[in-house]
Amino acid sequence: MVPRPLLQPLVPRLRRLLPGLAMSSATGSFSLQQPLNYRGGARLQPADGGQVEEVYEPATGRVIAKLLCSGEKEVDLAVQSAKAAFKVWSQMSGMERCRVLLEAARIIREQRDEIATLETINNGKSIFEARADIDVSWQCLEYYAGLAGSLAGEHIQLPGGSFGYTRREPLGVCAGIGAWNYPFQIACWKAAPALACGNAMVFKPSPFTPISVVRLAEIFTQAGMPKGLFNVVQGGVATGQFLCHHPDVAKISFTGSVPTGVKIMEMAAKGIKPVTLELGGKSPLIIFSDCALENAVNGALMANFLTQGEVCCNGTRVFVERKILDTFTKEVVKRTQKIKVGDPLLEDTRMGALINRPHLDRVQNFIKQAKEQGAQVLCGGDLYAPDDPKLKNGFYMRPCVLGNCTDDMTCVKEEIFGPVMSILPFDTEEEVVERANNTKFGLAGGVFTRDIQKAHRVVAALNAGMCFINNYNVSPVELPFGGYKASGEQCLAIPGLGSAAPRGGDAPVSAVADVSGLCCVAEWIPRWEMKGKLERRGCGFGKRKEGDKLLYI
Ligand SMILES: NC(=O)c1ccc[n+]([C@@H]2O[C@H](COP(=O)([O-])OP(=O)(O)OC[C@H]3O[C@@H](n4cnc5c(N)ncnc54)[C@H](O)[C@@H]3O)[C@@H](O)[C@H]2O)c1
Ligand SMILES: C[N+](C)(C)CCCC=O
């Protein structure tokens, strides 16, 4: 495929999307002067705060925008704006809300390429992945729009002809706090169910990726939501804290790291607020010797190198049955070396740039430490400078495969959040299940085998929220997404807020099984050179459990 710069033909449309946009060509030319806060149906500068953060284009290392962090007053104004809109929105019927959400989904679908381009410029992920992210985003809105009209309470017969009833009531103003790896998609995951249930939202994206979510806010207004229903405040820790502590915020939905998740839970506890946490992971990927080898190799790439490895549910602990260790490792290294790293806006790029310089340094340190602890770098792991001079200050590295790993190494225990795969040999099913579960995390897991009974047995034994059989990293919006242990709350596909929901002591999990041994996401298959018949068998199951009266559907 001949690489072609994507942005040029989109410039007029991006100018329409973002009138203040100064952009003349592809990667390396985007800059944004428009305000990044959104309140009462309009972009504006924050009323207070004003600490300035630089926003980068990871592909080039250029500053593309200046972010003014919101102070306490601005956060309060955003919450008050949401409160006012809540009065209108919460009185609308589910069907009325459904229509507005569907219209928002339609606009996103129509503007998919432009939004994906913005996402790529600000996040650094390849454009082909960003497009898939935006597709999941509008699908998420469609999914919850479809549920909005069927929210209903219960009628309970009482003695003597009396009766009682329950009502589904929205909570009020919900706070959404997002991570930087899926900026637009995370905002949709949080906004769609909350708004479908009649809530309002104040959303704070990561200060590293503040741009695309403001576009989402504009689309919501354009689709017919009351002004102020979805507001955006920008900033980092302090802004997030103002939001969490605000007395009129009724619930917090958070996506981010475990340490921050702990702090969010503490703040929520102080205000007796329900909280939903979608946190980090260090998921196991188990490759049995009876797998279809080529697909298992594809699965390992899917599980480790999407979005430069900056994916919460990545299967970074790759357990390989000793009988096929050498063959598998050789093949995975060969394929990893072929991954094209470079300008994320080019069609044939498969891995773009990491989010920023400090994060790149952090990933490099993990690799250094792995070597010191005895791991062997089988490929990659070094910094990479693409030939194109405008990319020379970008945050690139080559995808890395580590061999000779053991369970006690830091690279095997901690979430690296970069393109680093650790390979670990195993001998028996019992042993690998125990080792796979021996982690503080529990977000996802994967199994590659032709033995379908073994596959389901192992998946059932994994303490993980989302499991994949003969594929990896596909999460259709219909399925629950969430984790065990430190990875956050269990969640439902029909949640209260975010893609996570009220829960009880049970553990709703989901599994995607693909008997053909192929990835479910058609568009990714040729990209990662997956071959063969496409057959998808979803077998998601999630129990509904009564929790908060308000957001449980
Ligand atoms: N489970 C999931 O669905 C999921 C999805 C994406 C990312 N993640 C996880 O997110 C992490 C990477 O994201 P990150 O580096 O942005 O995480 P992070 O925890 O550093 O930040 C997440 C968000 O919280 C805000 N924040 C930070 N400290 C805060 C505080 N004290 N109070 C309020 N807000 C605060 C940040 O500004 C940001 O918006 C990884 O661990 C990854 O696994 C999880
Ligand atoms: C869409 N994926 C690949 C399942 C990623 C979900 C978000 C986790 O970081």
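Bear in mind the structure is a predicted one, so any value in this text is a computation, not a measurement.

Account for the domain arrangement of the chain, with residues named and values stated.
Along its sequence, the chain is organised into domain 1 (33-151 + 167-278) and domain 2 (284-475). The C-alpha-based centres of domain 1 and domain 2 are spaced at 30 Å. Tallying the contact residues gives 23 residues for domain 1 and 27 residues for domain 2. Across the domain 1 to domain 2 interface the summed buried area is about 2,000 Å²; carbon plus sulfur atoms make up 63%. Looking at the side of domain 1 facing domain 2, the largest losses of area belong to Pro58, Ala59 and Trp180, adding up to 25% of the total buried there. On the surface where domain 1 and domain 2 come into contact, there are one salt bridge. The partner of Glu347 in a salt bridge is Arg131, and the shortest N-O contact between them spans 2.6 Å. In this structure, the connection of domain 1 to domain 2 is made through nine residue pairs in polar contact (both at pLDDT 80 or more). At the level of elements, α4 (112-123) and α5 (127-148) are the ones that each hand at least two residues to the side of domain 1 that touches domain 2. When residues in the side of domain 1 that touches domain 2 are grouped by element, the largest group, five residues, is from α4. Residue classes in the side of domain 1 that touches domain 2 are distributed as ten nonpolar, ten polar and three charged.

I'd like a description of the site of ligand 2, backed by residues and values.
Close to ligand 2 lie Asn181, Tyr182, Gln185, Trp189, Val311, Cys312, Cys313, Asn473 and Ser475, which account for all nearby residues. With respect to ligand 2, the side chain of Asn181 contributes an N or O atom lying 2.9 Å from an oxygen atom. Between an oxygen atom of ligand 2 and a main-chain N or O atom of Cys312, the distance comes to 2.9 Å. Across the complex, the protein chains shield 95% of the 300 Å² of accessible surface that ligand 2 would expose by itself. Both domains that furnish three or more residues to the shell around ligand 2 are identified here as domain 1 (33-151 + 167-278) and domain 2 (284-475).

Could you give an account of the nonpolar core, with specific residues and numbers?
Grouped together as the largest cluster of nonpolar side chains are 159 residues, with contacts concentrated most on Phe230, Ile287 and Phe328. In terms of domain composition, this core takes at least three residues from each of domain 1 (33-151 + 167-278) and domain 2 (284-475). Ignoring sequence-local partners within four residues, the contact set of Ile287 consists of Ala296, Val318, Phe319, Val320, Glu321, Ile324, Phe328, Phe426 and Phe448.

Lay out the site of ligand 1 with the relevant residues and their values.
Neighbouring ligand 1 are 30 residues; Gly178, Ser257, Thr260, Leu279 and Glu415 lie closest to it. With respect to ligand 1, the backbone of Leu279 contributes an N or O atom lying 2.7 Å from a nitrogen atom. Alone, ligand 1 offers 850 Å² of accessible surface; in the complex the protein occludes 91% of this. Counting residues per element, the ones that place at least two in the shell around ligand 1 are α8 (237-245), β12 (249-255) and α9 (258-270).

Give me the side chain of Thr27: which residues, what numbers.
Note on placement: Thr27 falls in the loop between β1 (21-22) and β2 (31-32). For Thr27, a relative accessible area of 4% corresponds to the buried category. Within polar-contact distance, the side chain of Thr27 engages the side chain of Asp343 at 2.7 Å.

Reading the values: rules and limits
Residues numbered from 1 in each chain as written. Chains lettered and ligands numbered in written order. Predicted model: local features only at pLDDT ≥ 70, side-chain atom pairs only at ≥ 80, totals over all residues. Heavy atoms only, no water. Domains from an automatic or database assignment. Contact = heavy atoms within 4.5 Å. Buried area = accessible area lost by both parts, 1.4 Å probe. Salt bridge = Lys/Arg side-chain N within 4 Å of Asp/Glu carboxyl O. Polar contact = N/O pair within 3.5 Å; in protein donor to acceptor, adjacent residues only side chain to side chain. Helix = DSSP H or I, 4+ residues; strand = E, 2+ residues; numbered from the N terminus. Nonpolar A, V, L, I, M, F, W, Y, C, P; charged D, E, K, R; others polar. Near = heavy atom within 4 Å. Areas by Shrake-Rupley, 256 points an atom, 1.4 Å probe, with all protein chains shown as cover. Core = buried A, V, L, I, M, F, W, Y, C linked by side-chain atoms within 4.5 Å. Buried < 20%, exposed > 50% of the residue type's maximum accessible area, 1.4 Å probe, protein only.

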